[in-house]
Structures are given as C-alpha cells and as structure tokens.
Amino acid sequence: MGILKRINKDQQPQGQVSSTPPGMPTAPSARPASEEPSRLDSLRSRRMPSGIGTGTSSYADLRNRVQQMLLSELDPRDDPRSPETQQRILEVFNTILQDEAITLSKTEKEQLYKQVVSEILGFGPLEPLLADESITEIMVNGPKNVYIERRGKLERATVVFENDDHVLRVLDRIVSPLGRRIDESSPMVDARLPDGSRVNAVIRPLAIDGPTITIRKFSKKPLTIEDLIRFGSLTKEIAEFLAACVQARLNMIVSGGTGSGKTTLLNVLSNFIPGDERIVTIENAAELQLQQEHVVRLESRPPNIEGKGEVTIRDLVINSLRMRPDRIVVGECRGGEALDMLQAMNTGHDGSLTTAHANTPRDCIARLETMCLMAGMDLPVRAIREQIAAAVDVICQQERLRDGKRKVVKITEVQGMEGEVITMSDIFEFEQTGIEGGQVIGRIRPTGLRPKFIDRIEAVGIHLPPSVFGIGSGMRY
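Residues numbered from 1 in each chain as written. Predicted model: local features only at pLDDT ≥ 70, side-chain atom pairs only at ≥ 80, totals over all residues. Heavy atoms only, no water.

The protein has the name Type II secretion system protein E in an unreviewed UniProt entry, where Candidatus Thermofonsia Clade 1 bacterium is given as its organism.

The following block contains the structure:
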C-alpha cells in the first residue's frame, strides 16, 4: 500500500510550516513528487469518523481513531521496529492530522505521537514505566489499577489501560514472540521482555478482577559487586569471601523470599566464574545475564495447546549433563530437579549455582529435602540428607527488610552430617540494632568462625586475611 512521503523542508513552498512535531525525526522524501497528489487524494478519501477535531470527542477517542487509521495504512508484513516502518508511521501520522484539520498544541502532538507509537510498536501504557530506571517492578491488577515498586516501596502509577481487551492485546504482544500463549485454556504464563525482565500473567477466569501482569524489571546495565557494596547489600569483606568461594568451585545456593534479590545476587556471583569454563544456564524464563563468552542458555517450555511438547527444568538439568558443562547454573530449583542438581554437584560439576525460596538457611535445607522427595524416588530421608550435605557447601541468605532494602543477612557453611542431622555454621550474619526514620539500622558482621572449606580456597591460590572472618585486631565491619 502506498503511503505519502513528506516533502522535505527545503522542498516546501516559502512560508509553509512542517507538521512534524518538534523533536521528531523528519522522514526523507523517497518517491517522486508526481506520485504524491494521488496518495494524498487516497488518504483524503478515507474519511475519519465524525467527532475527531470537532471538540466533541475525548483525547482517548482521538488517540484510538488515529491509531486505527495508522494501522489500516501499514503493511502487516513490515517489521514494526525497522527505521523504514517508523518513518512511514511518522509521515502518515502527520498526514492524518493535516488532512482532518486536527489542531493540537506542540505538547499534545508529541504526547499523542508517543502514545500511538507505543501502542503500535511497544507495550502501550507500560512503555513509560519500562523506560523509568527508578522503577524495579510493575504490577497490573486489572486495567485501572497499576502499581509500581520504587526504592523498595509500592506506589500507584498514573497510567491506566482502557479495558481488559487492551491489557490482553499488550500481553499477547509480550508472549507471542516467545512461542507462548495465554487464553482461557491456559490462563497463566511465564515470559520475559526483550531486555530480560521477567513477566508473569494471569487472566480470567483465574484472575477475577481482570488480567493481572507482574513484571520484574532488569537493570539495563547489569549490576556488579561494587554496586551491591554501594547499596549496602553486603560488605567488601563478604564480597571478597563470596568471590573466593566461586573461584574455588564451591557449590552455592542463594536462598531468600520472593523479591529479595536472589537472581540479582546470582548474576553477580556468576561474574566471578573464570572465562575459560563452559557454563550451562537453565531457567523457566531466561533472565540471567552472564558476562562470560562460553555460556549455553537453556529455557524450559510449557505444553502446547494439545498438552504435548512440555520440557521441564528437570529435563534440561538431566540433558545438560551430556553437554560437557564445567558449571551448571539453575535459575531456581522448585521441584524434582533439585535431586538431579544435587547429583550433578556430586559428580564432577563443582562450582554450580542455584537459588531456592526459603526464609532461613535451615529452611533451605528442609526445602531441598522436600523437593528431592517430589522427584518421585522412594528414597529414605537420610540418603537425601547425605546427598545435600555432600553437595552443598555454602548457603547465602538474601532478605528484603522492612524499609525495602535488600541485604545478605547470613552466609552459612554446610559442614556435614552428625547422626541424622545436617550440621551448619554461620560465617556472617546481619545484626539489626534498631529502626530510625523508617530505616533499618544494623550491620553485617563476621561471627569469628573460619569455614572448614578454607583449605579448598587456599588450594587455588586465594589467601583471605583473618580480618575477613573477624579474627584478630584487624577486624572490620
């Protein structure tokens, strides 16, 4: 379908003003001027429904009508994000406003253009929230209730959707490129945005008040250990200790509640893995951002509309053992895959990392036992505990405090078995001293105990000073 190409400024008759809103790119002229009158007549023959530009319609109605006319002019086969398509959107947008004599201020024109483009190319009302780097989480509770998390605190957003169908259109735009679906027969979905941000959605009939979307945003620039030290999530001593644990190929579990920062910490820890090792990552929705070159990323797959073709995390863990990995990084253990992960840690894949939902390191051990039983094996509890004690070396407990800050609150060594019990020892722990102005006051301090695996750290040429563990006069917090 032919679309009017705007006349360049140097080709306009003297005194004619360009209709492109300030700050928008000018689409270059790409077709002979002789072709333009016919296209202009074609666009003018498509009369927009009455009410636009007459002052009787709302701004939302104006936006919807301009958007519909734009969609009718675009070729659905074109890549919506290509520069050529964006130029066509700009020129048709200006032509519609000129042809229909729609008078808007400069600010209104720019706002209308941004909103229309967001609906066509992006994720509609979510676009400004996704662009705001201070927002860490977005929660859509139906079309009219949108909340955000900023600096660990919840607040209501100013954007809204028109109705349930509007939310579903945006949601379909998120999940379709991933080969996933969400409908009445499959009303829940886990997905991700192009930047890796994690998306969970639930629609009717499960979500009674309308489609619900939860987006855990990822920082455009991956966080580093220095960032976590600056935020107060951990200390320099703890960072030094964790880096040594990863380089010494200790098996580590990052434990914590929902939204406590487990995946962020897992990302940071993975940066200490040497670049000459082969890493296989396994996730439900790929969100890990490993910086090494030799990384194989695997993602589970839900069943299709016929209930077939499902590939679980456990399937991927089992398959990864045939891929010659030096280390396996599982985004989260939440079921029977925990047993296969433990066996991998015990059979030559030292230095593997994973996360688990638990409130304390002791609870994490109990959860691992439960998840191993979910594998369907008729194993005695003692055998499972022996697997855990032999496989896991360190549990790093992450927590979101009352003031919204995320901190490492415990680093615990798994020492072994004594009778029927797995023995553990805290190496570092967070000590809260009070609350001041709504902020939690405290410090992460060493307990004064040296871990039993210190010999493994020293065997790779890393020598941690006694002060890291709070031993001697050089103690620092």
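This is not the end of the story, as more comes after the structure.
What is the right way to read the state of the cysteines from this model?
Covalent bonding between the sulfur atoms of two cysteines is what defines a disulfide. In total, this model carries zero disulfides according to the counting rule given. In this structure Cys 372 is a free cysteine whose sulfur lies 8.7 Å from that of Cys 333, the closest cysteine sulfur available. Cys 396 carries a free sulfur, and the closest cysteine sulfur to it, the one in Cys 245, is 9.2 Å from it. With relative accessibility at 1%, the residue Cys 396 sits in the buried group. (Disulfide = S-S within 2.5 Å. Buried < 20%, exposed > 50% of the residue type's maximum accessible area, 1.4 Å probe, protein only.)

How should the nonpolar core be read in this particular structure?
One broad trend across soluble globular proteins is that nonpolar side chains are buried collectively. Counting residues in each nonpolar core, the largest one holds 44 residues, and the members touching the most others are Leu 234, Phe 241, Leu 242, Ile 411 and Ile 457. Examining the composition of this core, we find that eight residues originate from one element, helix α8 (residues 236-247), more than from any other. Setting aside anything within four residues of it in sequence, one finds Leu 234 in contact with Ile 225, Leu 228, Ile 229, Ala 239, Leu 242, Leu 265, Val 408 and Ile 444. Judged by nonpolar contacts, the second largest core, of 32 residues, contains Leu 298, Ile 328, Met 345 and Ile 422. (Core = buried A, V, L, I, M, F, W, Y, C linked by side-chain atoms within 4.5 Å. Helix = DSSP H or I, 4+ residues; strand = E, 2+ residues; numbered from the N terminus. Contact = heavy atoms within 4.5 Å.)

Honestly, the sheet that holds strand β15 (residues 439-446) in this entry has me stumped. Any pointers?
One key point about sheets: their strands pair by backbone hydrogen bonds, in either a parallel or an antiparallel sense. Pairing within the open sheet is mixed, and its nine strands lie in the order β9-β8-β10-β11-β7-β12-β13-β14-β15. Across the chains shown, the open sheet's two edge strands, defined by having one partner strand only, are β9 (295-299) and β15. In this sheet, neighbouring strand axes are inclined to one another by 25° on average, regardless of whether the strands run parallel or antiparallel. Relative to strand β11 (residues 353-357), strand β10 (residues 327-330) runs parallel, the two being bridged by two bridges. Along β11, the bridge assignment pairs Val 330 with Thr 354. On top of the sheet, helix α9 (residues 262-270) reaches β7 (252-256), β10, β11, β12 (394-400) and β13 (406-418); it is set at about 165° to β11, its chief contact. With respect to the sheet, helix α12 (residues 361-373) is in contact with β7, β11, β12, β13 and β14 (421-436), its orientation differing from that of β14 by roughly 135°. (Pairing = 2+ DSSP bridges. Axes fitted to C-alpha atoms, helices over the stretch in contact; angles between N-to-C directions.)

When you look at the pattern of salt bridges in this model, what are you seeing that I'm missing?
For side chains of opposite charge, pairing can occur when their charged atoms come near one another. Taken as a whole, this structure holds 24 salt bridges when the rule is applied. The closest approach of N and O atoms between Arg 216 and Glu 137, which form a salt bridge, is 3.0 Å. In this pair, Arg 216 sits in strand β6 (residues 212-216) while Glu 137 sits in strand β1 (residues 135-141), placing the two residues 79 residues apart along the sequence. Residue class for Glu 137 comes out buried when judged on its relative accessible area of 9%. With a shortest N-O distance of 3.0 Å, Glu 277 and Arg 249 are connected by a salt bridge. Here Glu 277, found in the loop between α9 and β8 (279-283), pairs with Arg 249, found in the loop between α8 and β7; they are 28 residues apart in sequence, far enough to count as distant. The exposure class of Glu 277 is buried, given its relative accessible area of 11%. Owing to a relative accessible area of 23%, Arg 249 belongs among the partly exposed residues under this scheme. (Salt bridge = Lys/Arg side-chain N within 4 Å of Asp/Glu carboxyl O.)

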